[in-house]
Amino acid sequence: MGAVTSTVPSSGSSLLDLAPVIPVVVVHDAADAVPLARALVAGGLPAIEVTFRTPAAADAIRAIAEEVPDAVVGAGTVLSPEQVETAVDAGARFLVTPGWTDRLLGALDASGLPYLPGVSTTSEVVALLERGVEEMKFFPAEAAGGAAYLKALASPLPGARFCPTGGVNASNAPEYLALPNVGCVGGTWMLPADALAAGDWDRVESLAREAAALRG
């Protein structure tokens, strides 16, 4: 089997290389999706993962896809083939899962979209490499061993690249980003709850700009 990468067709770049951070967004009101996405893009974070953790997720993805052309919007917390279909129909340009099964992996592959399946063990990484999948989400990153764990995988599994997510923040992100097998990290620290509640998109943009500068 040939290698399966997370290349975003319109950009020609891997999802892991678009920016040092992929914001992991939980949208409760779809009306917030467009201004939130515009703030993130303006701050230098074009890849935006909207998680399927709220009923507003599909509408939020659709709104961003239609109204924020510079955003590369994807669906996260994808748990089933049905959610894969929903994400595709909404206009998602990539898919992210917290873990994977053969059934889910089949749906991800059939979608035609770039995807990052979640892993937290060496055996899961090896199983995906065996299937030709080389780019993955490492989740939950801090709880599963953190940067030290990924550093230990770099030598025996050089074909795997990761987007660590889960417990990653502005303080520890540089440690992950310094690893040779990490392309980017996922996080929420540029999306503080009080700023989202207040619609303070200027603050979101400022925090996004700081995150985008983590890899100088």
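Here's what I pulled together on the structure shown here. Numbering of residues begins from 1 in every chain and follows the order in which that chain's sequence is written. Given that this is a predicted model, residues contribute local features only at a pLDDT of at least 70 and side-chain atom pairs are listed and counted only at 80 or more, while totals for whole chains, interfaces and linings are drawn from all residues. Calculation of side-chain values draws on the structure's entire complement of heavy atoms; hydrogens and water are dropped beforehand.

## Topic: the sheet that holds strand β9 (residues 135-138)
Consideration 1: Two strands are said to pair when DSSP picks up at least two bridges between them. Starting at the N terminus, helices and strands are each numbered in turn, a helix being any DSSP run of H or I of at least four residues and a strand any DSSP run of E of at least two. Taking strand neighbours across the sheet as the criterion, the three strands line up as β8-β9-β10 in an open arrangement whose pairing is parallel. Each edge of the open sheet carries a strand with a single partner, namely β8 (118-119) and β10 (161-164).
Consideration 2: As judged from the four bridges shared by β9 and β10, these two strands associate in the parallel manner. Paired with F138 across the strands is P164, a residue of β10.

## Points about the packing of aromatic side chains
Consideration 1: Think of it this way: a Phe, Tyr or Trp ring, Trp meaning its six-membered ring, pairs with another when their centres are within 6.5 Å, and the plane angle makes it stacked under 30 degrees, edge-to-face over 60, tilted otherwise. This model, assessed by the stated rule, comprises two aromatic pairs.
Consideration 2: Ring geometry for F138 against Y149: centres 5.5 Å apart, planes inclined by 10 degrees, an arrangement best described as stacked. Highlighted residues: F138 in strand β9 and Y149 in helix α6 (residues 146-154), separated in sequence by eleven residues.
Consideration 3: We classify F138 as buried; its relative accessible area is 1%.
Consideration 4: Consider the rings of F138 and F162, whose centres lie 6.4 Å apart with planes at 70 degrees: the pair is edge-to-face. Of this pair, F138 sits in strand β9 while F162 sits in strand β10; the two residues are 24 residues apart in sequence, bridging distant segments of the chain.
Consideration 5: An aromatic cluster is present here, built from F138, Y149 and F162 joined pairwise through their rings. For every residue, the accessible area (1.4 Å probe, protein chains only) is compared with the maximum for its type, and the residue is labelled buried under 20%, exposed over 50%, or partly exposed between those bounds.

## Brief notes about helix α4 (residues 102-111)
Given 3.6 residues per turn, any residue in an α-helix points the same way as the ones three and four places further on.
Consideration 1: Every buried residue of α4 is listed here: L104, L105, A107 and L108. Seen end-on, α4 carries its buried residues on one side only, within an arc spanning 160 degrees. Set apart from the buried face of α4 by more than 90 degrees, the exposed residues are D102, R103 and A110.
Consideration 2: Contacts are residue-level and defined by heavy atoms, with any inter-residue pair within 4.5 Å sufficient. Looking at the buried side of α4, the elements it contacts are α3 (81-90), β6 (95-96), β7 (115-116) and α5 (122-130).
Consideration 3: Immediately downstream of α4, the backbone of G112 shows phi near 80 degrees, a positive value. This arc is taken over the directions from the axis of the helix to the C-beta atoms.

## Some words on the environment of V72
Consideration 1: Structurally, V72 can be placed in strand β5 (residues 72-76).
Consideration 2: What makes V72 buried here is its relative accessible area of 6%.
Consideration 3: Between the alpha carbons of V72 and Q83 there is a distance of 18 Å; along the sequence they are eleven residues apart.
Consideration 4: Dropping the residues within four chain positions of it, V72 is found in contact with V8, L18, P46, A47, I48, R93 and F94.

## Here's the deal with the packing of helix α2 (residues 57-67) against α3
Consideration 1: Between N-to-C directions, angles span 0 to 180 degrees; the directions come from axes that are lines fitted to C-alpha atoms, helices contributing only their stretch in contact. Axis separation between α2 and α3 bottoms out at 8 Å; the angle between their running directions is 30 degrees. When the axis of α2 is compared with that of α3, the two are roughly parallel. At the point where α2 passes α3, the crossing takes the right-handed sense. Listed contacts from α3 to A58, I61, R62 and A65 of α2 are T86, D89 and A90.
Consideration 2: Residues of the contact of α2 with α3, tallied by class, amount to four nonpolar, one polar and two charged. In what follows, roughly perpendicular refers to angles from 65 to 115 degrees, roughly parallel to angles under 35, roughly antiparallel to angles over 145, and oblique to any angle outside these ranges. By convention, the crossing between two helices is left-handed when the near helix turns anticlockwise from the far helix through less than a right angle, and right-handed when the turn is clockwise. Under the convention adopted here, Pro, Cys and the residues Ala, Val, Leu, Ile, Met, Phe, Trp and Tyr are nonpolar, Asp, Glu, Lys and Arg are charged, and Gly plus all remaining residues are polar.

## Here we look at the nonpolar core
Consideration 1: What we call a nonpolar core is a set of buried Ala, Val, Leu, Ile, Met, Phe, Trp, Tyr and Cys residues that are connected through their side-chain atoms within 4.5 Å. One finds L40, V50, L95, F162, V185 and M190 to be the most contacted residues of the largest nonpolar core, which totals 68 residues.
Consideration 2: If near-sequence neighbours (up to four positions away) are discounted, L40 is found in contact with P23, V25, L45, I48, M190, L191, V204 and A208.

## A closer look at the pairing of strand β4 (residues 47-51)
Consideration 1: In terms of burial, β4 is a largely internal element, five of the five residues being buried.
Consideration 2: Because side chains alternate across β4, one face comprises the buried residues A47, E49 and T51, and the other comprises I48 and V50, equally buried.
Consideration 3: Pairing geometry for strand β3 (residues 21-25) and β4, over two bridges, is parallel. Residue pairing for β4: V25 is matched across the bridge by V50.

## Some words on helix α9 (residues 201-212)
Consideration 1: Between its terminal C-alpha atoms α9 stretches 16 Å, which fits the 16 Å expected from twelve residues at 1.5 Å a residue.
Consideration 2: Three or more residues of α9 are buried, namely W201, V204, L207, A208 and A211. One face of α9 carries all of its buried residues, which in axial projection span an arc of 120 degrees. In α9, the exposed positions that point more than 90 degrees away from the buried face belong to D202 and E210.
Consideration 3: Packed against the buried residues of α9 are β3, α1 (33-42) and α8 (193-198). A helix is expected to reach a length of 1.5 Å times the quantity of its residues less one.

Geometry only, nothing functional implied.
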